[in-house]
Amino acid sequence: MTTAPSTTTDEAPQPAAPAPSKSSWAPLRPLILRLHFYAGVLVAPFLLVAAVTGLLYAGSFQAEKLVYDHELTVPVGERKLPIGEQVTAVRKAHPEGTVSAVRPSPEADATTRVMLSGVPGVGEGHTLAVFVDPYTAKVRGSLEQYGSTGALPLRTWIDEFHRDLHLGETGRLYSELAASWLWVISAGGLALWFSRRRALRKVRGAKGRRRTLGLHGSVGVWAAAGFFFLSATGLTWSAYAGANIDELRTSLGQATPSVSAAAGGEHSGHGSAAGQAGDAAHGVGLDKVLAAARAEGLGDPVEIVPPADASSAYVVKQVQRGWPTKQDAVAIDPASGEVTDVLRFEDYPVLAKLTRWGIDLHTGILFGLANQIALMLLALSLVLLIVWGYRMWWQRGRGTAFGRPIPRGAWQQVPPQILVPLLAGIAVLGYFLPLFGIPLAAFLAVDILLGEIAYRRGRRSYGTPAA
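Please read these numbers as outputs of a predicted model, since none were measured by experiment. (Residues numbered from 1 in each chain as written. Predicted model: local features only at pLDDT ≥ 70, side-chain atom pairs only at ≥ 80, totals over all residues. Heavy atoms only, no water.)

The helix and strand inventory of the protein stands at twelve helices and eight strands. The long-range fraction of contacts in the protein, counting pairs at least 24 apart against all pairs at least 6 apart in sequence, stands at 63%. When the accessible area of the protein is evaluated, it comes to approximately 22,400 Å², of which 63% is carbon and sulfur surface. (Helix = DSSP H or I, 4+ residues; strand = E, 2+ residues; numbered from the N terminus. Contact = heavy atoms within 4.5 Å. Areas by Shrake-Rupley, 256 points an atom, 1.4 Å probe, with all protein chains shown as cover.)

Leu47, Trp181, Leu182, Ile185, Phe227, Leu382 and Phe436 are the most contacted members of the largest nonpolar core, which has 35 residues in total. Residue assignment for this core shows that the elements contributing at least two residues are α1 (25-67), α5 (172-195), α6 (208-236), α10 (368-396) and α12 (434-456). Ranked by residues supplied to this core, first place goes to α1 with ten residues. Those residues within four positions of Phe436 in sequence are excluded, and the remaining contacts are Ser180, Trp181, Val184, Ile426, Leu429 and Gly430. (Core = buried A, V, L, I, M, F, W, Y, C linked by side-chain atoms within 4.5 Å. Buried < 20%, exposed > 50% of the residue type's maximum accessible area, 1.4 Å probe, protein only.)

This part is about helix α11 (residues 416-432). The end-to-end C-alpha separation of α11 is 24 Å, in line with the 24 Å expected for 17 residues at 1.5 Å each. Every buried residue of α11 is listed here: Ile418, Leu419 and Gly430. Along the long axis of α11, the arc covered by the buried residues comes to 95°, so they all point the same way. Relative to its buried face, α11 has exposed residues pointing more than 90 degrees away, namely Gln417, Val420 and Tyr431. (Expected span 1.5 Å × (residues − 1). Arc of directions from axis to C-beta.)

On the surface, Leu248, Leu252, Val350, Leu351 and Leu354 cluster together into a nonpolar patch covering about 450 Å² of accessible area. In terms of residue count, helix α9 (residues 350-362) provides more of the nonpolar patch than any other element does, three residues in total. As for its placement among the helices and strands, Leu252 is situated in the loop between α7 (240-251) and α8 (286-295). On the accessibility criterion, Leu252 (53% relative accessible area) is exposed. (Patch = residues over 30% accessible without salt bridge, like charges linked within 9 Å, V, L, I, M, F, W, Y side chains within 5 Å. Salt bridge = Lys/Arg side-chain N within 4 Å of Asp/Glu carboxyl O.)

Attention shifts here to the environment of Ser117. By secondary structure assignment, the location of Ser117 is in strand β2 (residues 112-117). Overall, Ser117 belongs to the buried group, its relative accessible area being 13%. Distance in space between the C-alpha atoms of Ser117 and Thr98 is 5.5 Å, their sequence separation being 19 residues.

This part takes up the packing of helix α3 (residues 83-93) against α8. The contact between α3 and α8 brings their axes to 7 Å, and the two run at 135°. Accordingly, the angle class assigned to the pair α3 and α8 is oblique. Contact residues: Ile83, Gly84 and Val87 in α3; Leu286, Asp287 and Leu290 in α8. Looking at the contact of α3 with α8 residue by residue, the classes come out as four nonpolar, one polar and one charged. (Axes fitted to C-alpha atoms, helices over the stretch in contact; angles between N-to-C directions. Parallel < 35°, antiparallel > 145°, perpendicular 65-115°, else oblique. Nonpolar A, V, L, I, M, F, W, Y, C, P; charged D, E, K, R; others polar.)

Before going further, it helps to examine the confidence of the model for the protein. Residues with a pLDDT of 70 or more make up 84% of the protein, whose mean pLDDT is 86. Here residues 268-278 is modelled with pLDDT under 50, and outside its nearest four sequence neighbours on either side it reaches 33 contacts, counting other chains as well. (pLDDT = per-residue confidence, 0-100.)

Attention now goes to the pairing of strand β6 (residues 314-318). Where burial is concerned, most of β6 is hidden: four out of the five residues are buried. Judged from the four bridges that link them, strand β5 (residues 302-305) and β6 form a sheet pairing that is antiparallel. In the strand pairing of β6, Glu303 is matched with Lys317. Where β6 meets strand β7 (residues 329-332), four bridges bridge the pair, whose relative direction is antiparallel. Bridge pairing links Val316 to Val330 in β7. (Pairing = 2+ DSSP bridges.)

So, on to the environment of Leu343. Relative to the assigned elements, Leu343 resides in strand β8 (residues 339-343). The sequence separation of Leu343 and Asp328 amounts to 15 residues, and the corresponding C-alpha distance is 5.7 Å.

With that settled, the discussion passes to unusual backbone geometry. Of note, the bond from Asp300 into Pro301 is cis; its omega dihedral lies within 30 degrees of zero at -5°. Note that Pro301 resides in the loop between α8 and β5. Backbone torsion omega between Trp323 and Pro324 reads 0°, so that peptide bond is classified as cis. Looking at where Pro324 falls in the secondary structure, it is placed in the loop between β6 and β7. A positive phi angle, close to 65°, is found at Ala137, a residue other than glycine. Relative to the elements of secondary structure, Ala137 occurs in the loop between β3 (126-132) and β4 (139-146).

Printed below as a string of structure tokens:
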């Protein structure tokens, strides 16, 4: 819920503060408050970057339509030309590279997009998207493209900034750290907010630290569900936690399937369906392949992937990730034009479907503009919570400096029957979410070291919170 320290004199551990259960909650509240405070102080900068860049990404879909309107749209004509003829026009204008995929015009005023791989000057993992008028076969431009959503340069730049700050694999650690801790801070904030007396949670009529705390808590409570969702879905494609999640899904038989690109095969386990592309005009040609896919019920938008080699099939797959999701796919023999394999989205395992929907909702695709506006509001809420959190810390120092941190020693007040299972659960979480576990272990090590130093200097005794 919260991403920066919610610290006021009201929040310091108070024996008189009412608690829902004296046997369990009372000793836990100071510990949660201390974790919430330090996690907010240390993780908030990373969350602030993630929130701001996420806000930009949510708006990039609409910006992309405006910036690249010439490439994306055309005047509506009378009859669309065959796909093969459109691709031929593209190859005359751009003979470099190979055709890796073709996305026929999905709407009356939309261009056909032909993707070329192996083009000099195009980044690794990217393709050159060439846009062609489906009515005249006139090429309207070309742009570098990235990812399965067809992100063009503007959205690609913002996407990479949000994901890794343009620092590559090392930069991805920042976003995984933010996602690993967002749900922890949110859960801690919720627990602290609902454990307070109702009078202390009111914003109306409050002033100073009380008012800031009220705003911080109220907004955080309303946004908490969204933060839990962003954290969970963000982890699904992170570097380390994402790998653990993929391994778990595979072991449970819940991996995302793909249609077999072999000329006669059955569904493969998971991964790319086509590999490197070959000749777009191979065998029966694109138009007969598209007609065969249409006969299997694959409506627009679709993507045609040419055979990778002589033993591979064409793959035609739906690429609509908005609601309702269209992700059916078929493989078509290039020699005969017959369908050799069919994969329906309705046959995906449950976790594969949930992963698909979760990622698309996280990125603002699933429900279009409404989805993107909701993400913007969540990002703005996160920014405000961080600012209010730091403001409370400042106000605790009477407006002249940041206030004192939450006293240490809270964990020593937790009964063993609660502390031991709690530590075991944290250890398991730390294993699956290393960028939660490692920073937490580092914090505990430093905290214990500082406590030992303070003890040896005579400033405190064991089991007694520092001043």
